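# Analysis of the macromolecular model
So you can see what is in the structure, the chains are spelled out below.
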Amino acid sequence: MAGETLYVIDRIVTNPGCGQKFVDEWRAGYLPNARRRSLTLDNILVSPPLWSEYEPNVVTITWTVDGASGWWAMTRLSRGDTTLRQWWDAMEPLICERSRTMAAAADDVEALADV
């Protein structure tokens, strides 16, 4: 299964006025450790595309991992990481909601599902 790319999609809705601070904190505190957990940053999208003191931002971060084995490696390394949990706890005042989903290119789904 090596070679099929899985996308990990993090969607964070920030509290009004907190979008830029969250992205700055994320780059400084989350990103370096994510690389150690086998996540490769694909993209950071911000909607709406401006920092407003009065509106929330939706920050969509896409990562890639190498197939199911990459996903399991990322998951295994994340579950026992207490610093990761502490980092998210510290970000609570900036965040309204967050979620994580996974996806794959349509052409890779059949191979990825053949386990």
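Only a predicted model underlies this, so the values are computations on that prediction, with no experimental measurement involved.

About the criteria used
Residues numbered from 1 in each chain as written. Predicted model: local features only at pLDDT ≥ 70, side-chain atom pairs only at ≥ 80, totals over all residues. Heavy atoms only, no water. Helix = DSSP H or I, 4+ residues; strand = E, 2+ residues; numbered from the N terminus. Buried < 20%, exposed > 50% of the residue type's maximum accessible area, 1.4 Å probe, protein only. Contact = heavy atoms within 4.5 Å. Axes fitted to C-alpha atoms, helices over the stretch in contact; angles between N-to-C directions. Parallel < 35°, antiparallel > 145°, perpendicular 65-115°, else oblique. Left-handed = near helix turned anticlockwise from the far one by under 90°. Nonpolar A, V, L, I, M, F, W, Y, C, P; charged D, E, K, R; others polar.

### Re the environment of G19
Looking at the secondary structure, you find G19 in helix 1 (residues 19–36). Using a relative accessible area of 2% as the deciding quantity, one classes G19 as buried. With residues near it in sequence (within four places) discarded, G19 still touches T14, W51 and N57.

### Quick word on the packing of helix 1 against helix 3 (residues 82–91)
At a minimum axis separation of 12 Å, helix 1 and helix 3 run at an interaxial angle of 165°. Classified by the interaxial angle, the pair formed by helix 1 and helix 3 is roughly antiparallel. For the element pair helix 1 and helix 3, the recorded crossing hand is right-handed. For the pair helix 1 and helix 3, the contacting residues are F22, E25, W26, G29 and Y30 in the first and L84, W87, W88 and M91 in the second. Residues that form the contact of helix 1 with helix 3 fall into these classes: seven nonpolar, one polar and one charged.

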